[in-house]
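# Structural features, examined
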Amino acid sequence: MTTEDMLEAYYDCRRKKRRTASAVTYELDYESKLIALKNRINNRTYLPGKSICFVVPRPRYREVFAAAFEDRIVHHLISLRLEPLFESVFSPRTFNCRKGKGQMFGAEMLYNDIRVCSDNYTQDCYIMKLDLQSFFMSIDRLMLAKMIDAFIRRYYKGEDIDDLRYLCGTVVLHAPEQNCERHSPTSYWTHLPTNKSLFTNGENKGVAIGNLWAQLFANFLLNVLDWYILKDMGFVYTGRYVDDLYIIDADKGRLLEAVPKIRKLLAGYGLKLSPTKFYFQHYTKGVAFTGSVIKCNRKYAGSRTVSNFVKAVLRLNKAGNIEEIEHAVCSINSYLGFLRHGNEYNIRKKILRQIDIHCFEWIYIRGHYEVVAIKKKYRKRTVTLQRIQDGIR
């Protein structure tokens, strides 16, 4: 690796995280830190540092690992090289962690698939939705490392191929649970089954949810399933978001016959379909997917999305300082962005009207209930400039 490679990865890593404490700390003398990191990579002495581990309680308890900032630079270094190659082999019908795609893209694809397969709602067709059981925690790290290494040897043509192979093997086989700080109450882990935590999941089983490489490599792993459904099984109307997938067809018998074949393929990779998350209905019954509910001629936000939006507004109402206000506003605007893509004006209006009057000391609502904005005098940049000016005086 060269210094230019490290700078490119660093700038990519900090692009949306520059205000975080870890990014600010690293920025102090970042050039010498990057050179030292480059030397450790080239000397094959690089080892991932300490991670932060916490449990997210909503919408269900889930363990997340956040890598140290320097390790995230390495993750971006890997992504910058492999993501374009992955894009060249990925199915066009998978849309998580891909530029130009995402949740809304997946909902729109499903909506169009139903319309086309049913010949504009004039013919019968059926929707089958499947989910993988404990997907991220079921991944065999040794198997994944071998698959990634074989892919790099086949497709990557850069001069730093040996460095890339070394880094990918290092991050995939790393066990973050052996060197981490827990930032959630210990009681939260009692809500997790043994197969839902890296601490109890077994040696070399599971990857850390929350790391960029984990999302990218997991997508690569399931690309095998995507092409199997499209090419080998011949289903045209199918899509996948992470471990949640759908198949639509006019022949319901053909759909049901596909399930044991999919199970057999997944078993070869140590993966399973969830026995409880199985949905099979006529298209007129509608289907929930990626936070939306898709029915004939319409799409709208799912009940969980609306419920989480309400909770974000309640957190704003309870906020007692500008930091808590900013955190709640970011969450609210995330849901508003999602709802703006559907015909959800009345829901946006109804929920935003639940904001307590005292909150408007800090915020205002922009447009037709489109965005919640923080008043200029309370924004971080304004406050920082004011502090600098006060210090000069």
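In the block above lies the structure referred to throughout.
Read on for an overview of the structure. In this text the structure is predicted, and so the values were computed from the model without any measurement. (Residues numbered from 1 in each chain as written. Predicted model: local features only at pLDDT ≥ 70, side-chain atom pairs only at ≥ 80, totals over all residues. Heavy atoms only, no water.)

### Thoughts on the pattern of salt bridges
Two side chains bearing opposite charge may form a pair once their charged atoms approach each other closely. Applying the stated criterion to the full structure yields 15 salt bridges. A salt bridge links aspartate 113 to arginine 93, with the shortest nitrogen-to-oxygen separation between them at 2.7 Å. A residue pair is termed long-range when its members are at least 10 positions apart, and aspartate 113 in helix α5 (residues 103-117) and arginine 93 in the loop between α4 (69-89) and α5 qualify at 20 residues. Overall, the relative accessible area of 5% leaves aspartate 113 in the buried class. Of the charged contacts in the structure, one is a salt bridge between arginine 240 and aspartate 226, with a shortest N-O distance of 2.8 Å. Separated by 14 residues along the polypeptide, arginine 240 in strand β5 (residues 237-241) and aspartate 226 in helix α9 (residues 212-232) bring together distant segments of the chain. (Salt bridge = Lys/Arg side-chain N within 4 Å of Asp/Glu carboxyl O. Helix = DSSP H or I, 4+ residues; strand = E, 2+ residues; numbered from the N terminus. Buried < 20%, exposed > 50% of the residue type's maximum accessible area, 1.4 Å probe, protein only.)

### Side note on the sheet that holds strand β8 (residues 287-289)
Within a sheet, adjacent strands bond to each other through the backbone by hydrogen bonds, running parallel or antiparallel. Within the open sheet, the 3 strands sit side by side as β8-β9-β10. Their pairing is antiparallel. Only two strands of the sheet have a single neighbouring strand rather than two, namely β8 and β10 (298-301). The average angle at which neighbouring strand axes cross in this sheet is 25°, direction not considered. Pairing analysis gives 3 bridges linking β8 to strand β9 (residues 292-295), with the strands arranged antiparallel. Bridge pairing in β9 links valine 287 to isoleucine 294. On top of the sheet, α5 reaches β8, β9 and β10; it is set at about 15° to β9, its chief contact. (Pairing = 2+ DSSP bridges. Axes fitted to C-alpha atoms, helices over the stretch in contact; angles between N-to-C directions. Contact = heavy atoms within 4.5 Å.)

### Quick notes on the side chain of aspartate 160
Tracing the backbone through its elements, the reader meets aspartate 160 in the loop between α7 (141-155) and α8 (161-173). Within the structure, the side chain of aspartate 160 is placed 2.8 Å from the side chain of arginine 81, a separation counted as a polar contact. Once residues lying within four places of it in the same chain are set aside, the contact partners of aspartate 160 are Met1, Asp5 and Arg81. (Polar contact = N/O pair within 3.5 Å; in protein donor to acceptor, adjacent residues only side chain to side chain.)

### Focus: the pairing of strand β6 (residues 244-249)
Along β6, 6 of the 6 residues are buried, which leaves the element largely enclosed by surrounding structure. Residues Asp244, Tyr246 and Ile248 of β6 are buried on one face, and the alternating residues Leu245, Ile247 and Asp249, pointing to the opposite face, are buried as well. For strand β3 (residues 126-132) and β6, the ladder comprises 6 bridges, and the chain directions are antiparallel. Pairing of tyrosine 126 across the sheet is with aspartate 249, part of β6. Of the strand pairs in this sheet, β5 and β6 are connected by 5 bridges, and their pairing is antiparallel. Its bridge partner lying in β6, arginine 240 is registered against leucine 245. As consecutive antiparallel partners, β5 and β6 are separated by 2 residues, and within that stretch valine 242 has a phi angle of approximately 55°, a positive value.

### Points about helix α3 (residues 30-42)
A rise of 1.5 Å per residue sets the reference length of α3, with its 13 residues, at 18 Å; its end C-alpha atoms lie 18 Å apart and thus fit the reference within 8%. Within α3, the full set of buried residues consists of Tyr30, Leu34, Leu37, Lys38 and Ile41. Projected down its long axis, α3 carries its buried residues within an arc of 100°, all on one side. In this structure, the buried residues of α3 make contact with α1 (3-14), α2 (21-27), α4 and α8. Just downstream of α3 lies arginine 44, where phi reads positive at about 60°. (Expected span 1.5 Å × (residues − 1). Arc of directions from axis to C-beta.)

### So, unusual backbone geometry
Within the chain, aspartate 29 stands out as a residue other than glycine whose phi angle is a positive 60°. By secondary structure assignment, the location of aspartate 29 is in the loop between α2 and α3. Its relative accessible area of 54% is what places aspartate 29 among the exposed residues. Despite not being glycine, asparagine 204 shows a phi value in the positive range, around 60°. In this structure, asparagine 204 sits in the loop between β4 (180-182) and α9. Residue classification places asparagine 204 among the partly exposed positions, given a relative accessible area of 22%.

### Focus: the side chain of aspartate 226
Accessibility expressed as a relative area gives 7% for aspartate 226, which makes it buried. Engagement of the side chain of aspartate 226 in a polar contact is seen with the side chain of arginine 240, the distance being 2.8 Å.

### Considerations on the packing of aromatic side chains
Tallied over the full model, the rule gives 25 aromatic pairs. Considering the side-chain rings of tyrosine 26 and phenylalanine 69, the 5.3 Å spacing of their centres and the 50° angle between planes classify their relative orientation as tilted. Here tyrosine 26 is found in helix α2, whereas its partner phenylalanine 69 is found in helix α4, with 43 residues between them in sequence. Take tyrosine 26 and phenylalanine 69: they sit in the same class, and that class is buried. Considering the side-chain rings of phenylalanine 86 and phenylalanine 151, the 4.9 Å spacing of their centres and the 45° angle between planes classify their relative orientation as tilted. Of the two residues, phenylalanine 86 sits in helix α4 while phenylalanine 151 sits in helix α7, which places them 65 residues apart along the sequence. (Phe/Tyr/Trp six-rings, centres within 6.5 Å; stacked < 30°, edge-to-face > 60°.)

### A closer look at the pairing of β10
Bridge count for β9 against β10 is 4 bridges, and the pairing is antiparallel. Residue pairing in the sheet places valine 293 in a bridge with tyrosine 300 of β10. From the end of β9 to the start of β10, which pair antiparallel, there are 2 residues, and asparagine 297 there has a positive phi angle of about 65°.

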